[in-house]
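Coordinate analysis (summary)
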Amino acid sequence: MASLIILGVGLATAPGVCAQIGIASRYPSDKNIGSDPDVILADDFESYTSVSQMIGPKWTNVQHTEYVSLDSTPGNFFGGTKAVKISLPISGTEVGSSLVKKLGANSVDTIFVRIYEKWDANYSVNGSNHNGIHISGGTLPGPGIPAPADGTGFFIFTLQNNMQGRAGEVDPGYDHVYAYWPKQNSQYGDHWFPDGVVIPSPSQWLTYPSQYPDFKPMPNHLPQRGKWYCYEMMLHANTPGKNDGELKWWVDGKLIADLPDLNIRSISSLKIDEPAVVLGANNPTTPLTKWYDNVVMATQYIGPMATASPSPTPTPTPVTNQTLANISTRGVVQTGDGVLIGGFILKGNASNEVLMRGLGPSLSAFGVANVLSNPLIELHDSTGALIGSNDGWKRDFNHNAIPVTLQPSNDSECALDRTLSPGSYTVILKGAQGQTGVGLFELYEISGEGSIVQNISTRGVVQTGDDMMIGGFVLRGTIGHNQRVIVRAIGPSLGRFGVTGCLANPSLRIFNSDGVMIGQNDNWVDSQAAEITQTLLAPLDPLESAIILNLPTGSYTAVVSGVGGNTGNALMEVYLLP
């Protein structure tokens, strides 16, 4: 098994879907997050004994309090012991409620709103259904009155879920934004989807690409009822006279949609002045219930709630935490969804020099068959923008910066040496002319200063025999001090992000540098389930795998295979834990 260890591991998802490090990462369990200078509002609902107490310094108004309550039932709150519950009755008219924050003189041009939300297990509605995050600006004259085309009136953007007849859609419906804005197609607003579809047509995104040159379609996201999700929405109002507005949203820290090049106002006085959390429906035929918890509004990216760190123990000498150093993944590189996609997160306050390599021909020397003859790598930032690519490492303008010991042995192999700021990045390894074969993606931390690698992941095709997915990672730090990590193997839930041919039942094994297996898992719910759930990194499907390990400095290998020899696309991930 020692022969399987070919350097370290690489991980994340597709371009633009990587998690980001935000305000919440600095406040474990959101404790004192409201004190952050960039936070406008933070509410975990723990301090209230009645809904009436919510109206005050935090919330300007709670509309239709008869539909709102505080719920302490286990499973119906995300953090702490309470959440807000909104329940709408069967009605022949439109009914709804909202928690409203009016910004007044503190109106802003950019806002991020993060909520935790859960749909009731029986949640189902066929008609109009506004539920989730609402962001608006200007004077709203009422439903069915379009926003003025000259951009001087108002705008409304609501991140919601309700059935719109899209293929594969089931309750509660795909995520989308309901928009009143100067170019709206319908009297009652437009529905914007991550893949570029607008209902009603014509599509703003796919029909007029010259107007939206930075738009990149992304897979639609369909949440499950009865499950908590972290949703975050960002709206940036454009500079008057420019098409530089933008709307994004994330789910559980993964970017789901990015709608750029917006022009929603023509005057600077039209600002974002009313964020809210809403639930409303037109003529509901069944009772509708949703829960909301841990709401934060800010002028910077917030991110999912960070896991609380244990209380520090006094020690006579300073302890250096372990970090992920060089990482790699070997797998079969195909075309389309079958390319090898690696991602990583740099966390910290300073830039760091990293080296990314894509190997193929030189693997033959290690007995690997059917190698990728001409690999090409692409580097993308957290928005999905291409910021670097290479086909033949000596052709890169910065190839002389690559340490001699890390220069690829074959001129057809590729490498990028770059100094990167903290953030999320994705590397795609594929054949330069569409070739296929076994390839190796590697990431090295060169400078050893500034940012540290916080998370790594790789998505690729898992086959059998020598063509299983084989990843490695190196923990670097103080000898004698262990690092807690979680390693995941994801398969079935990738289908929710538009990935086809997913590995139906992944299995995960972890080996140390001596080739000794130190951990294995088939279904994550069968062992360490409570501990894994507490990390907020529990896989979405019970057939997926996850292991938490407490590891000393050294090199480790993770092997992902299919139970019973099944094959398909899988995602392997390693996260550092507090």
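Scroll up for the structure.
This section reports on the structure supplied with the text. (Residues numbered from 1 in each chain as written. Predicted model: local features only at pLDDT ≥ 70, side-chain atom pairs only at ≥ 80, totals over all residues. Heavy atoms only, no water.)

Description of the packing of aromatic side chains
Scanning the entire structure with this criterion turns up 19 aromatic pairs. Ring centres of tryptophan 119 and tyrosine 229 lie 6.4 Å apart, and the angle between their planes is 70°; on these two criteria the pair is classed as edge-to-face. Highlighted residues: tryptophan 119 in strand E6 (residues 110-119) and tyrosine 229 in strand E12 (residues 229-236), separated in sequence by 110 residues. Side by side, tryptophan 119 and tyrosine 229 carry an identical accessibility label, which is buried. Ring geometry for tyrosine 178 against tyrosine 180: centres 5.7 Å apart, planes inclined by 80°, an arrangement best described as edge-to-face. By relative accessible area, which is 9% here, tyrosine 178 ends up buried. Taking the relative accessible area as the measure of exposure, tyrosine 180 reaches 5% and is therefore buried. For the cation-ring pair, lysine 118 lies above tryptophan 291, with the distance from its terminal atom to the ring centre recorded as 4.6 Å. Directly above the ring of phenylalanine 193 sits arginine 166, whose terminal nitrogen or CZ lies 4.8 Å from the centroid. (Phe/Tyr/Trp six-rings, centres within 6.5 Å; stacked < 30°, edge-to-face > 60°. Helix = DSSP H or I, 4+ residues; strand = E, 2+ residues; numbered from the N terminus. Buried < 20%, exposed > 50% of the residue type's maximum accessible area, 1.4 Å probe, protein only. Lys NZ or Arg CZ within 6 Å of the ring centre and 35° of its normal.)

Focus: the sheet that holds strand E9 (residues 175-180)
Ordered in space as E2-E5-E15-E7-E8-E9-E10-E11, the eight strands form an open sheet in which the pairing is antiparallel. Sheet topology places strand E2 (61-63) and strand E11 (198-199) at the edges, where each strand pairs with a single neighbour. Pairing of strand E10 (residues 190-192) with E11, which is carried by two bridges, proceeds in the antiparallel orientation. If you follow tryptophan 192 over to E11, its bridge partner there is valine 198. (Pairing = 2+ DSSP bridges.)

Notes on the layout of surface pockets
Here the second largest pocket defines a volume of roughly 850 Å³. Around the second largest pocket, the lining is made up of 26 residues, and of these Glu94, His130, His134, Pro143 and Ile156 lie nearest the centre. Of all elements in the fold, only strand E5 (94-100), strand E7 (129-138), strand E8 (154-161), E9 and strand E15 (274-282) reach the threshold of two or more residues within the lining of the second largest pocket. It is E15 that provides the largest number of residues to the lining of the second largest pocket, a total of seven residues. Of the residues belonging to the lining of the second largest pocket, the class tally is twelve nonpolar, twelve polar and two charged. (1 Å grid on protein atoms, 1.4 Å probe; cavity = no way out; pocket = protein on both sides within 12 Å on 5 of 7 lines; lining within 4 Å. Points joined across faces, edges and corners; volume = space filled by probe spheres on them. Nonpolar A, V, L, I, M, F, W, Y, C, P; charged D, E, K, R; others polar.)

By themselves, these figures tell us nothing about what the structure is for.
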